[in-house]
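Residue strings, one per chain:
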Amino acid sequence: MGALRTFFKDTIIYGLATVLPRLMNFILVPLHTGTLETTSYSDNTTFYIYAAFFNVLLTYGMETAFFRFFSKSEDKDKVFSTALISLSATAILFFAVVFKFNDTLASLVNLHLNYFNLLLGVLVLDTLVVAPFAYLRATGKPVKFALIKLSNIGLYVLLNFFFLWAIPQFGIPFLDYDSTDLVKYIFIANLMASVVTLLLLLPYFLKTKLQFDPLIFKQLLGYGWPIMVAGLAYVVNENFDKWLLPEMLGKAINGAYSGCYKIAVFMTIFIQGFRLGAEPFFFNHSKEINAKRTYALIMDYFVIFGSFILVFIVAYLDFFKQLLVKDESYWIAIDIVPVILLANLCLGVYFNLAIWYKLTDKTRYGMYLSVAGALITIVFNYVMIPKIGFMASAWATLAAYGVMMLLSYFWGQKHYPVPYNITKLGFFLVLAIGLSVLSLHTHGNYYLNTIFVLVFLGIAFFSEKDQIKQLLKR
């Protein structure tokens, strides 16, 4: 129970470091959808698709590998220094090569040259801070981690409002401000926030004794490259739909789809906060006698909380739609939200299950699972979009993450069996899906939908009241 208390404490702090920035980002959804046309919002989405892809490529699994070897190494400083030098060197080399051929590469990825150069700057700066951020997590400094993350997103949000709202609203003179290309200023805000983050983490570059150990680097790379491939496949799962829809259905449809997709970010916030706290915790407590029981108990709470989020968002979907996506031209894609929420819940369960291949150093299985999900995503989208439109992309996401979740469970029980309470987990998933379907059929009836939410909470409380009492006592 003590280990579980530590997990919850760190996860709450990391969760706040994730939730608060996401909530700040939520403020930007109405701003962006209110000031950008669906076609411009599609360009914004495309920019961050490439950012996600190259972020994975430039970190090549080094963050997870760092946690693995830092937790068990006697010379922790050397592990950190090796990871820091490796990521910094490859980021600088990447910048030099890509900037030299930026014209050609910008045309290749179908991005305006200015957008491409801003993307390059953001990518390099974000890669340079990966090792310092990982060090803060691995050494149990969640508060400092959270403060720097919040500084980053706070500045980003303020600059978005300055560029997209304050300047047009009050006629503030600002260099060669171009009101016909507002999306550019979103990327400029991101670049400026990344610069400040690097400055805040600069002490970790200056005070670290630089020592590169080829043997440690080989171990990190050997452990990390399957994580990189899995990460690339994950980017495909998350973003292939938003890359393909402009080509098959047009930018306007993709902009509406991407805008409504944002409503499902509540589930993403929960999953992200969980991952930030869970990954170092799982590694640090893997040698304890009751580690597997702890992992199983954490899975119970994860599924219950995630299922509640699903029921809650679907019950009040009309409210969130009007709150976050005010422009009605985006609402044509609102039906994707329940499907995406469930898909992300499956993804969260998969992340929880994935500890088996990380603790057993079988990271290639993570690669296999993610590649399988990516293949499902690609094939399903290509085959079904012409038949059922953008809803095919939502169902493809659910199919990919559902299959990955099931395969990971069955493989994991062979290699690293954890006593998950499958009956309880299945019950809460089915309950959440059933109540969500009922909420969709009582569309807009908040009284009935509130009853559905309360039913879920009541069942969850009576199911877990003994554990809740123990946690509150401690």
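What counts and how
Residues numbered from 1 in each chain as written. Predicted model: local features only at pLDDT ≥ 70, side-chain atom pairs only at ≥ 80, totals over all residues. Heavy atoms only, no water. Helix = DSSP H or I, 4+ residues; strand = E, 2+ residues; numbered from the N terminus. Rg over C-alpha atoms; globule rule 2.2 N^0.38 Å. Buried < 20%, exposed > 50% of the residue type's maximum accessible area, 1.4 Å probe, protein only. Contact = heavy atoms within 4.5 Å. Areas by Shrake-Rupley, 256 points an atom, 1.4 Å probe, with all protein chains shown as cover. Lys, Arg positive; Asp, Glu negative; His and termini not counted. Charge placed at Lys NZ, Arg CZ, Asp CG, Glu CD. Core = buried A, V, L, I, M, F, W, Y, C linked by side-chain atoms within 4.5 Å. Patch = residues over 30% accessible without salt bridge, like charges linked within 9 Å, V, L, I, M, F, W, Y side chains within 5 Å. Salt bridge = Lys/Arg side-chain N within 4 Å of Asp/Glu carboxyl O. Expected span 1.5 Å × (residues − 1). Bend = angle between axes of the 7 residues up to and from the residue. 1 Å grid on protein atoms, 1.4 Å probe; cavity = no way out; pocket = protein on both sides within 12 Å on 5 of 7 lines; lining within 4 Å. Points joined across faces, edges and corners; volume = space filled by probe spheres on them. Nonpolar A, V, L, I, M, F, W, Y, C, P; charged D, E, K, R; others polar. Phe/Tyr/Trp six-rings, centres within 6.5 Å; stacked < 30°, edge-to-face > 60°. Lys NZ or Arg CZ within 6 Å of the ring centre and 35° of its normal. Axes fitted to C-alpha atoms, helices over the stretch in contact; angles between N-to-C directions. Parallel < 35°, antiparallel > 145°, perpendicular 65-115°, else oblique. Left-handed = near helix turned anticlockwise from the far one by under 90°.

**Student:** Can you help me understand the overall build of the protein in this one?
**Tutor:** Helix and strand counts for the protein stand at 21 helices and 0 strands. A globule of 474 residues ought to have a C-alpha radius of gyration of about 23 Å, and the protein, at 22 Å, matches this closely. Principal axes of the C-alpha set define a box for the protein whose edges measure 60 × 60 × 45 Å. Within the protein, the fraction of its 474 residues that count as buried is 54%. Considering only residue pairs separated by 6 or more positions, the protein has 83% of its internal contacts joining residues 24 or more positions apart. Total accessible area on the protein is roughly 21100 Å²; 67% of this is exposed by carbon and sulfur atoms. Where the 35 positive side-chain charges of the protein centre and where its 26 negative ones centre are 12 Å apart.

**Student:** Explain the nonpolar core here, please?
**Tutor:** In a soluble, globular protein the nonpolar side chains are often hidden away together inside. Judged by nonpolar contacts, the single largest core of 152 residues is most densely connected at Phe66, Ile263, Ile336 and Val337. Once residues within four sequence positions are removed from consideration, Phe66 is found in contact with Val79, Phe80, Ala83, Ala134, Tyr135, Ala138 and Leu220.

**Student:** How should a nonpolar patch on the surface be read in this particular structure?
**Tutor:** A cluster of nonpolar side chains, namely Trp243, Met248, Leu249, Val379, Tyr382 and Val383, defines an oily patch on the protein surface of about 520 Å² accessible area. For the nonpolar patch, the secondary-structure elements that each account for two or more residues are α11 (214-248) and α18 (363-388). Looking at which element gives the most residues to the nonpolar patch, the answer is α18, with 3 residues. When you line up the elements, Trp243 lands in helix α11. Residue classification places Trp243 among the partly exposed residues on the basis of a relative accessible area of 37%.

**Student:** Looking at this structure, I do not really get the environment of Phe47. What am I missing?
**Tutor:** Summarising the element assignment, Phe47 is placed in helix α2 (residues 38-59). Since its relative accessible area comes to 0%, Phe47 is described here as buried. Sequence spacing of Phe47 and Val109 is 62 residues, and the spatial spacing of their C-alpha atoms is 9.8 Å. Among all residues touching Phe47, those that are not within four sequence positions of it are Tyr115, Leu118, Leu119 and Phe187.

**Student:** Help me understand α18 in this model?
**Tutor:** An α-helix turns once every 3.6 residues. As a result, residues three or four positions apart point the same way. Helix length check: α18 (26 residues) gives 36 Å between terminal C-alpha atoms against 38 Å at 1.5 Å per residue, within 8%. Along α18, the largest kink reaches about 30° and is centred on Asn381. Of all the residues in α18, the buried ones are Thr363, Tyr365, Gly366, Met367, Leu369, Ser370, Gly373, Ala374, Thr377, Asn381 and Ile385. For α18, the elements touching its buried residues are α11, α16 (336-353), α17 (355-359) and α19 (391-415). Where α18 ends, the next residue or the one after it, Gly389, has phi of about 75°, a positive value.

**Student:** Explain the layout of surface pockets to me, please; I cannot follow it from the model alone.
**Tutor:** Where empty space is left can be seen by rolling a probe of water-molecule size over the atoms. Of the pockets and cavities examined, the second largest pocket occupies roughly 290 Å³. Every residue lining the second largest pocket is counted, 15 residues in all, and those nearest its centre are Asp43, Thr46, Val109, Asn110 and Lys251. Here the lining of the second largest pocket is composed, by residue class, of 7 nonpolar, 4 polar and 4 charged.

**Student:** What's the story with the pattern of salt bridges in this structure? I'm lost.
**Tutor:** Opposite charge on two side chains permits pairing when their charged atoms draw close. With the rule as written, the count across this model stands at 6 salt bridges. When the shortest N-O distance is used, the salt bridge between Glu63 and Arg137 registers 3.1 Å. One end of the pair, Glu63, is in helix α3 (residues 62-72); the other, Arg137, is in helix α7 (residues 130-138), and 74 residues separate them in sequence. The exposure class assigned to Arg137 is buried, which follows from its relative accessible area of 5%. For Asp300, the salt bridge identified is with Lys424, shortest N-O distance 3.6 Å. Of the two residues, Asp300 is situated in helix α14 (residues 291-315) and Lys424 in helix α20 (residues 422-441); the sequence distance between them amounts to 124 residues. Judged by its relative accessible area of 7%, Asp300 is buried. For Lys424, a relative accessible area of 19% gives the class buried.

**Student:** Just to check I follow, could you spell out helix α9 (residues 183-201) for this structure?
**Tutor:** Its 19 residues place the ends of α9 28 Å apart at the C-alpha level, agreeing with the 27 Å of an ideal helix rising 1.5 Å per residue. All of the buried residues in α9 are Val183, Lys184, Tyr185, Ile186, Phe187, Ala189, Asn190, Ala193, Ser194, Thr197, Leu198 and Leu201.

**Student:** Just checking my understanding: could you explain the environment of Gly255 for this structure?
**Tutor:** Its location among the elements puts Gly255 in helix α12 (residues 251-261). When its relative accessible area of 0% is taken as the criterion, Gly255 is described as buried. Residues Gly255 and Ser40, spaced 215 residues apart in sequence, show a C-alpha to C-alpha distance of 7.5 Å. Discounting chain neighbours no more than four positions away, the residues touching Gly255 are Thr38, Tyr41, Ser42 and Tyr330.

**Student:** Got a minute to help me understand the packing of aromatic side chains in this structure?
**Tutor:** For any pair of aromatic rings, the description consists of the separation of the ring centres together with the inter-plane angle of the planes. Under the criterion given, the structure shown has 40 aromatic pairs. Their ring planes at 35° and their centres at 5.3 Å tell us that Phe163 and Tyr185 sit as a pair that is tilted. Of this pair, Phe163 sits in helix α8 (residues 142-170) while Tyr185 is found in helix α9, placing the two residues 22 residues apart along the sequence. Accessibility expressed as a relative area gives 2% for Phe163, which makes it buried. Among the aromatic residues, ring-to-ring pairing joins Phe308, Phe312, Tyr316, Phe319, Phe320, Phe427, Phe428, Tyr446 and Phe456 into one connected group. The positively charged end of Lys242 is found above the aromatic ring belonging to Tyr261, 3.7 Å away from the centroid.

**Student:** Would you take a moment to explain the packing of α12 against α16 for this structure?
**Tutor:** A pair of packed helices is characterised by two quantities: the angle between their axes and the separation of those axes. The interhelical angle for the contact between α12 and α16, taken along N-to-C directions, is 55°, at an axis separation of 9 Å. Accordingly, the angle class assigned to the pair α12 and α16 is oblique. As for how α12 packs across α16, the hand of that crossing is right-handed. Here Tyr257, Cys260 and Tyr261 of α12 lie close against α16, whose contacting residues are Ile336, Val337 and Ile340. For the contact of α12 with α16, the class distribution of residues is 6 nonpolar, no polar and no charged.

**Student:** What's the story with the packing of helix α4 (residues 76-100) against helix α6 (residues 113-128) in this structure? I'm lost.
**Tutor:** Running from N to C, α4 and α6 point in directions that differ by 170°, and their axes come no closer than 9 Å. In terms of their interaxial angle, α4 and α6 are classed as roughly antiparallel. Of the residues in α6, those touching α4 at Leu87, Ser88, Ala91, Phe94, Phe95, Val98 and Phe99 are Phe116, Asn117, Leu120, Leu123, Val124, Thr127 and Leu128. Looking at the contact of α4 with α6, its residues break down into 11 nonpolar, 3 polar and no charged.

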